[in-house]
Amino acid sequence: MRYLLPFLFLSIQLAFSKADQNDPAFKLYFKAYEFVLNENWESAILTFGQLAANHKSSNYVDDAHYWIAYATKEKQELKKSYDLYESFIKHYPNSNLNKNALRDMALISEQLIAQGEKNAKYMAHQTQINHASKDAQELQKSAVFAIYNQGGKEALDKLYTIAKDEKRPEAVREKAIFWYGQSEGASAKSLLQLYTSITSATLKEKCIFSLSQLDGEESDFALFKLAKNNKENKTFREKAIFWLSQSNSNKKADYFKSLLAEIKENSLREKIIFAIYNSDIQESTKLLNDVAFNKEEHIDVREKAIFWLGQKGSTPELKKLYMGLENEDLKEKIIFGFYEDGSDASIEFMIKLLKSGSTSTPVKKKLIFWLGQMESPKARKAIQDILTD
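Residues numbered from 1 in each chain as written. Predicted model: local features only at pLDDT ≥ 70, side-chain atom pairs only at ≥ 80, totals over all residues. Heavy atoms only, no water.

(A) Structural context of the overall build of the chain. The number of helices and strands found in the chain is 23 helices and zero strands. Considering the chain as a whole, with its 389 residues, one finds that 43% of them fall into the buried category. When contacts within the chain are restricted to residue pairs at least 6 apart in sequence, those whose partners lie at least 24 apart make up 55%. Accessible surface, the chain: about 21500 Å² in total, of which carbon and sulfur atoms supply 50%. (Helix = DSSP H or I, 4+ residues; strand = E, 2+ residues; numbered from the N terminus. Buried < 20%, exposed > 50% of the residue type's maximum accessible area, 1.4 Å probe, protein only. Contact = heavy atoms within 4.5 Å. Areas by Shrake-Rupley, 256 points an atom, 1.4 Å probe, with all protein chains shown as cover.)

(B) Representation of the environment of Ser346 in the model. By secondary structure assignment, the location of Ser346 is in helix α21 (residues 344–355). With a relative accessible area of 0%, Ser346 lands in the buried category. Among the polar contacts listed, one links the side chain of Ser346 to the side chain of Asp341, at a separation of 2.5 Å. (Polar contact = N/O pair within 3.5 Å; in protein donor to acceptor, adjacent residues only side chain to side chain.)

(C) Representation of the environment of Asp83 within the structure. For Asp83, the position within the fold is in helix α6 (residues 78–91). Residue Asp83 is classed as partly exposed on the basis of its relative accessible area of 36%. Note: C-alpha distance between Asp83 and Met105 (22 residues apart in sequence) is 9.0 Å.

(D) Quick look at the pattern of salt bridges. Summed over all chains, the structure comprises 18 salt bridges. The salt bridge involving Arg168 is made with Asp165; its shortest N-O contact spans 3.4 Å. Judged by relative accessible area, Arg168 falls into the partly exposed class, the value being 29%. Looking at Asp165, the relative accessible area reads 26%, which means it is partly exposed. Residues Lys234 and Glu265 are paired through a salt bridge, measuring 3.4 Å at the closest nitrogen-oxygen approach. (Salt bridge = Lys/Arg side-chain N within 4 Å of Asp/Glu carboxyl O.)

(E) Layout of the packing of helix α9 (residues 152–164) against helix α11 (residues 188–197). One can describe the packing of α9 onto α11 by two numbers: an axis separation of 11 Å at closest approach and a directional angle of 15 degrees. Taken together, the axis directions place α9 and α11 in an arrangement best described as roughly parallel. The two elements α9 and α11 cross, and the hand of that crossing is right-handed. Contact with α9, carried on its side by Tyr160, Ala163 and Lys164, involves Ser190, Leu191, Gln193 and Leu194 of α11 and no other residues of that element. (Axes fitted to C-alpha atoms, helices over the stretch in contact; angles between N-to-C directions. Parallel < 35°, antiparallel > 145°, perpendicular 65-115°, else oblique. Left-handed = near helix turned anticlockwise from the far one by under 90°.)

(F) Structural context of helix α22 (residues 361–372). The end-to-end C-alpha distance of α22, which contains twelve residues, comes to 16 Å, matching closely the 16 Å that a straight helix rising 1.5 Å per residue would cover. At its buried positions, α22 is contacted by α19 (315–324), α20 (328–341), α21 and α23 (377–388). (Expected span 1.5 Å × (residues − 1).)

(G) The arrangement of the environment of Leu330 in detail. Here Leu330 is to be found in helix α20. Given a relative accessible area of 0%, Leu330 falls into the buried group. When the C-alpha positions of Leu330 and Phe307 are compared, they lie 9.8 Å apart, and in sequence the two are 23 residues distant. For Leu330, the contacting residues outside a window of four places in its chain are Ile299, Arg302, Glu303, Ile306 and Leu325.

(H) Summary view of the packing of α22 against α23. As a packed pair, α22 and α23 sit with axes 9 Å apart at the nearest point and diverge in direction by 135 degrees. Taken together, the axes of α22 and α23 are oblique relative to one another. Relative to α23, α22 is oriented so that their crossing is left-handed. Residues Ile368, Leu371 and Gly372 of α22 form the contact with α23, whose own contacting residues are Ala379, Ile383 and Ile386. Its residues assigned to classes, the contact of α22 with α23 comprises five nonpolar, one polar and no charged. (Nonpolar A, V, L, I, M, F, W, Y, C, P; charged D, E, K, R; others polar.)

(I) Structural view of α19. Among all positions in α19, only Thr315, Leu318, Leu321 and Tyr322 are buried. Buried residues of α19, viewed axially, fall in a sector of 120 degrees; they line one side. The outward face of α19, more than 90 degrees from its buried face, is lined by the exposed residues Pro316, Lys320 and Met323. Those residues of α19 hidden inside the fold are in contact with α17 (284–293), α18 (299–311), α20, α21 and α22. (Arc of directions from axis to C-beta.)

(J) Focus on the confidence of the model for the chain. Averaged over the chain, the pLDDT score is 86; the fraction of residues at 70 or greater is 90%. Within the model, the stretch residues 1–19 combines pLDDT values under 50 with 25 contacts to residues more than four positions away or in other chains. (pLDDT = per-residue confidence, 0-100.)

(K) Highlighting the packing of aromatic side chains. Scanning all chains against the criterion turns up 37 aromatic pairs. Here the guanidinium or amino end of Lys331 rests over the ring plane of Tyr322, the centre of that ring lying 5.1 Å away. (Phe/Tyr/Trp six-rings, centres within 6.5 Å; stacked < 30°, edge-to-face > 60°. Lys NZ or Arg CZ within 6 Å of the ring centre and 35° of its normal.)

(L) Seen up close, the side chain of Asp104. Mapped onto the secondary structure, Asp104 falls in helix α7 (residues 98–114). At a separation of 3.4 Å, a polar atom in the side chain of Asp104 contacts the side chain of Arg103.

(M) How the structure looks around the layout of surface pockets. The calculated volume of the second largest pocket comes to roughly 200 Å³. Lining the second largest pocket are Glu303, Lys304, Ile306, Phe307, Gly310, Asp329, Glu332, Lys333, Phe336, Gly337, Lys366 and Trp370. Classifying every residue of the lining of the second largest pocket by side-chain character gives four nonpolar, two polar and six charged. (1 Å grid on protein atoms, 1.4 Å probe; cavity = no way out; pocket = protein on both sides within 12 Å on 5 of 7 lines; lining within 4 Å. Points joined across faces, edges and corners; volume = space filled by probe spheres on them.)

(N) Main features of the nonpolar core. Grouped together as the largest cluster of nonpolar side chains are 75 residues, with contacts concentrated most on Leu259 and Ile335. Leaving out residues up to four positions away in the same chain, Ile335 has contacts with Tyr322, Met350, Leu353, Val363, Lys366, Leu367 and Trp370. Membership of the second largest hydrophobic core comes to 32 residues, among which are Tyr33, Ile45, Ile68 and Tyr85. (Core = buried A, V, L, I, M, F, W, Y, C linked by side-chain atoms within 4.5 Å.)

(O) Seen up close, unusual backbone geometry. Phi at Glu39 takes a positive value of approximately 60 degrees, unusual for a residue other than glycine. Mapped onto the fold, Glu39 is located in the loop between α3 (26–37) and α4 (41–54). Positive phi outside glycine occurs at Gln76, with the angle close to 70 degrees. Within the fold, Gln76 resides in the loop between α5 (61–74) and α6.

The structure is reproduced here in structure tokens:
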């Protein structure tokens, strides 16, 4: 707090009137305060103590008790300081230093609890501070929403200023980023600048989400660039890939093709596969097929492509895929796709494979298992036929 002391000292000097200077304790007070400024805590305590004992009717008595508590805190006698502050607030409830005392008590409580102190009064005080802090945050979050509702450039600029303000609680900044993204006139460029300038992972993810809420190719291209950038954190790239799948971009298919061509990391490729399935692009089935058929693709990625093809319920595509694959493990994955589809065409194809002499035993076992999960009479008969053959 040393950097505050000269300012406080100046403020006190400016506030003193001639009547203050006529106070018998005036000179003793400033002598004691000089000890505070020089961080001579022991002398400050003794001198302020003399003032409190010998000039009980002085205007400076309440301040003297505050500075005794403060100097005791600076000596790291935390419990004693806490009690002195408590007594100060009790005896001088109208002092203009009460807010400072409460703040110092909160800091002391925090330190003592961190040191393992379990005294109920410290924990209760800290709980009160936490509750007050949470209440203040909730009010600020409500204010952010009110600013958003006002609309217009002034409100937009204010939301952006709040989002950038590192002194504000993260929860408040997060709301500001969210409502900025919902505002008319919000800029993808500004959100990218904000994303780059902040360090909080939570706020960065909120910037990515807000980018996805903007209309226009600028925001979609920004998501694409984030996803593509191998210097970016993997988690943020995954978020960008997901939200790109939710965009209305006409270039979305081209973006996914480019990402598949350039990104080599399997876990990210799997995210791209899901994004393709999750998007509304017409080429999604073809793109997934291309990955599933690609022998140079990692088997885990191919399995993901097959799984999501199965979720699309494309029986003709699954048949082609099954017949064109050489890998038995992948064929087993396709069987699940037929089961998920559940159509008569899928069931008939599964029965055909079960009866075929060219189908391997491991694949037939998968067929029997999934046919057994179906309520179809055809499926039940096919399994019974195995026992009667």
